[in-house]
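Observations on the model geometry
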Amino acid sequence: LRDSVVFAAATALGTVYFQVVVVAMSVISNARQTGVFSLAFRILSVVNGIPLLLVGSAFPILLRAARDDRERLRYALRRVLEGNLLLGGWLSLLLVAGAPFAVHVIGGPGYPGAGDVLRILGAGVIATFLSAVFAIALLSVAAYRLLIGISGGMVVLAVVLCAILIPVDGARGGAIVTLSLEVALACAYGTALMTTHRE
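Here's what I pulled together on the structure shown here. Treat the numbers as computed from the prediction; the structure is a model and nothing was measured. (Residues numbered from 1 in each chain as written. Predicted model: local features only at pLDDT ≥ 70, side-chain atom pairs only at ≥ 80, totals over all residues. Heavy atoms only, no water.)

With that out of the way, let us pick up helix α3 (residues 70-107). Taking 1.5 Å as the rise per residue, α3 with 38 residues should run 56 Å; its terminal C-alpha atoms sit only 47 Å apart, a clear shortfall. At Gly98, α3 shows its largest kink, close to 70°, and the proline Pro100 lies no more than four residues downstream. For α3, the N-terminal cap is Asp69; the gap from its side-chain oxygen to the backbone nitrogen of Glu71 is 3.2 Å. Residue Gly108 follows α3 closely and has a positive phi angle near 75°. (Helix = DSSP H or I, 4+ residues; strand = E, 2+ residues; numbered from the N terminus. Expected span 1.5 Å × (residues − 1). Bend = angle between axes of the 7 residues up to and from the residue. Polar contact = N/O pair within 3.5 Å; in protein donor to acceptor, adjacent residues only side chain to side chain.)

Moving on: a nonpolar patch on the surface. Taken together, the side chains of Val23, Val27 and Ile28 define a hydrophobic patch exposed on the protein surface, amounting to about 270 Å² of accessible area. Within the fold, Val27 resides in helix α1 (residues 2-28). The exposure class of Val27 is exposed, given its relative accessible area of 63%. (Patch = residues over 30% accessible without salt bridge, like charges linked within 9 Å, V, L, I, M, F, W, Y side chains within 5 Å. Areas by Shrake-Rupley, 256 points an atom, 1.4 Å probe, with all protein chains shown as cover. Salt bridge = Lys/Arg side-chain N within 4 Å of Asp/Glu carboxyl O. Buried < 20%, exposed > 50% of the residue type's maximum accessible area, 1.4 Å probe, protein only.)

With 38 residues, helix α2 (residues 31-68) ought to run about 56 Å at 1.5 Å a step, and its terminal C-alpha atoms sit 53 Å apart, in line with that. The backbone nitrogen of Arg32 has a side-chain oxygen 3.2 Å away, supplied by the residue at the start of α2, namely Asn30.

Read these as spatial facts, not as claims about activity.
Following this line, the structure appears as structure tokens:
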């Protein structure tokens, strides 16, 4: 039960920082900028659900391998990482290239600038795919407290970046914050994994 509570806290905190930007946009920026950002963010949210589904389906295998066979865990993680790099890179390019079209289809002409915002957000998709692999690896080796610490740090970083960038650049500032958080999270998870479980 204790492990379940810590596991739940680690996975829940991993999604909170992402929503901080949406809340900050509604509090700090005006309604137009918030609407532009929200449209682009909703499209991104659909794409960002894909790595969670892919990696989540491999979690039972990774968990069993972490307990019984570290060599198998390393092999499985490498394969999942390679697949996520390919798919994440492709989706990132697709989102950056097709952002204006996606915004026009979903939002119509009433959201000028949302295509540029989505392009910025789309550049971070590959980092999201990497973060999913690193996070599931840390969950597999029961590094729950490490995940909680990183996620808590990301929430603080999100608040600081939002306070700096959103008042200056509105929806684009929110997109830059989101992109920065995704890259920072991938780097933090990857570094944590390499330093605590070098194998």
